[in-house]
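Breakdown of the fold
Chain by chain, the residues run as shown.
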Amino acid sequence: ALRGKGSFGGKMSYGTVDDFMAAFCGQPWAANVAKIKDIDTMSAGGSVSVSATSKTFTRASGSYITDGFAVGDVVQWAGFANAANNVSVVISTLTATVMTCTTATGLVDEATVVTARCSTNCRPSFTFEKGHLVNGIYFPFTGVVIDGFTLSGKVNDAVDFRFDVLTKAVGNEANASVFSTLTAVNTNPLMTAWDGSIKRAGVAIANVVGWSLKGARNSDSAEVCGSSSLYDIQPKAAQITGSLELYFDSAQAYTDFRAETDLALQINIGPGGTKSYQIDLTKCRYKNWKGDPKDGMSTVTVDFESFAPDSGTNTSLMITRIP
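The structure contained in this document is the topic of the report that follows. (Residues numbered from 1 in each chain as written. Predicted model: local features only at pLDDT ≥ 70, side-chain atom pairs only at ≥ 80, totals over all residues. Heavy atoms only, no water.)

**Looking at empty space enclosed by the protein**
The cut-off we apply is this: Think of a 1 Å grid over the protein atoms and nothing else: a 1.4 Å probe that fits but is trapped marks a cavity, an open set flanked by protein within 12 Å on at least five of seven lines marks a pocket, and residues with an atom within 4 Å of a point count as lining. Grid points are joined across faces, edges and corners, and a volume is the space filled by probe spheres set on the points. The helix and strand labels rest on DSSP assignments: H or I over at least four residues marks a helix, E over at least two residues marks a strand, and numbering proceeds from the N terminus. Residues are grouped as follows: Ala, Val, Leu, Ile, Met, Phe, Trp, Tyr, Cys and Pro are nonpolar; Asp, Glu, Lys and Arg are charged; every other residue, Gly included, is polar.
Overall, the coordinates contain two cavities of 30 Å³ or more when judged by the stated rule. Forming the boundary of the largest cavity are A23, F24, C122, R123, P124, V145, I146, R217, S219 and P235. Mapped by element, the contributors of at least two residues to the lining of the largest cavity are α1 (18–25) and β13 (137–154). Of the residues assigned to the lining of the largest cavity, the class counts are seven nonpolar, one polar and two charged. Computed from the structure, the second largest cavity encloses a volume of approximately 40 Å³. Listing elements by their share of the lining of the second largest cavity, those giving two or more residues are α1 and β13. Sorting elements by how many residues they give to the lining of the second largest cavity places α1 first, with three residues.

**Some remarks on unusual backbone geometry**
As a reminder of what qualifies: A simple rule labels every residue: compare its accessible area, found with a 1.4 Å probe on the protein chains alone, to the largest value its type can have, and call it buried under 20%, exposed over 50%, or partly exposed in between.
With a phi angle near 60°, N156 is a residue other than glycine that sits in the positive phi range. Looking at the secondary structure, you find N156 in the loop between β13 and β14 (160–167). By relative accessible area, N156 is classed as exposed at 78%. Residues other than glycine seldom take positive phi values, yet K275 does so here, at roughly 55°. The partly exposed category is assigned to K275, whose relative accessible area is 40%.

**Details of the sheet that holds strand β10 (residues 110–113)**
Pairing between the strands of a sheet comes from backbone hydrogen bonds, and it takes one of two forms, parallel or antiparallel. Under the convention used in this document: Any two strands between which DSSP finds at least two bridges are classified as paired.
Spatial ordering of the open sheet is given by β8-β9-β5-β4-β10, a layout of five strands whose pairing is antiparallel. Two strands lie at the open edges of the sheet, namely β8 (93–94) and β10, each paired on one side alone.

**Description of α1**
For α1, a buried count of seven out of eight residues is recorded, marking the element as mostly surrounded by other parts of the structure. Among all positions in α1, only D18, F20, M21, A22, A23, F24 and C25 are buried. Residue G26 follows α1 closely and has a positive phi angle near 80°.

**Structural notes on the packing of aromatic side chains**
For the record, the criterion: To pair, rings of Phe, Tyr and Trp, with the six-membered ring standing in for Trp, must have centres within 6.5 Å; the planes then decide the type, stacked if under 30 degrees apart, edge-to-face if over 60, and tilted in the middle.
Per the stated rule, a full pass over the model turns up 15 aromatic pairs. Between F8 and F128 the ring centres are 5.5 Å apart and the planes differ by 50°, which places this aromatic pair in the tilted class. With F8 in strand β1 (residues 4–11) and F128 in strand β12 (residues 126–132), the pair connects residues that are 120 residues apart, well separated along the chain. Among the residues examined, F8 registers a relative accessible area of 22% and is labelled partly exposed. Plain terms: the ring middles of F20 and F163 are 5.7 Å apart, the flat faces sit at 50° to each other, and that makes the pair tilted. Here F20, found in helix α1, pairs with F163, found in strand β14; they are 143 residues apart in sequence, far enough to count as distant. Connected via pairs of aromatic rings, a cluster forms that spans F8, F20, F24, F126, F128, F149, F161 and F163.

Have a look at this one:
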């Protein structure tokens, strides 16, 4: 199989990589929040009908809300006889039995189908292109999914980003671009300011002086022997890890590490106020500790992993943008 994968990176500015961050989460920005959501599924046997005019998916029994779906979720439908209804849509309004998707186009009226099912296990994709401008040759890559990311910050330096990608199809070389027009890059300045804190019961116990946050989807790819395309790409559960350089004046963080206590991590990127980001990891646990804190001030490096909380609406990764 000819498989396309790789990464791209750069210095972060406001609005530059919003689409890629949301794509990693598998959900769009909802009220300026992107977060990883548990994979909610309405299984087969739901008995669902489709109205093309009202753009609704109506189930005969059960409850979308009880199943865990919410306004703003991207859901993937399957099981309909009409292929046009097996689409990925964004929920605009929701009741127990009626899901309305104003972004849906091309739907077809369909009577109750007992095999219909939907899931929030979605994978927004992109088209990338590699251009060799010297000889005018272009290679398009379609069905590109975001398989991982790294964000990192150091004192007195701009925030770095890197996204790992996996592509479903590698196109043949051509002498023309697949893009007829290009959108000019935004002019927002680089993110050179950030701050972070470790909190226990809402009280800060350490300041962050350096950090690296990593996400991995570890997507399953189904290769086709002798082909330049993959049969499919399926994301797994997201894994959120990272490392922190901490500066603190007590041994509380070290004590929590030894006790495997769950802590909350918050990283704020940007100037504060508008055009900034807030990253919340509400349930972190230290995995490794480099350094030995003594009495008084101490700087150590710790590795951590973020988990989805057992209950509530929090998540292993939540990014809030402040427009």
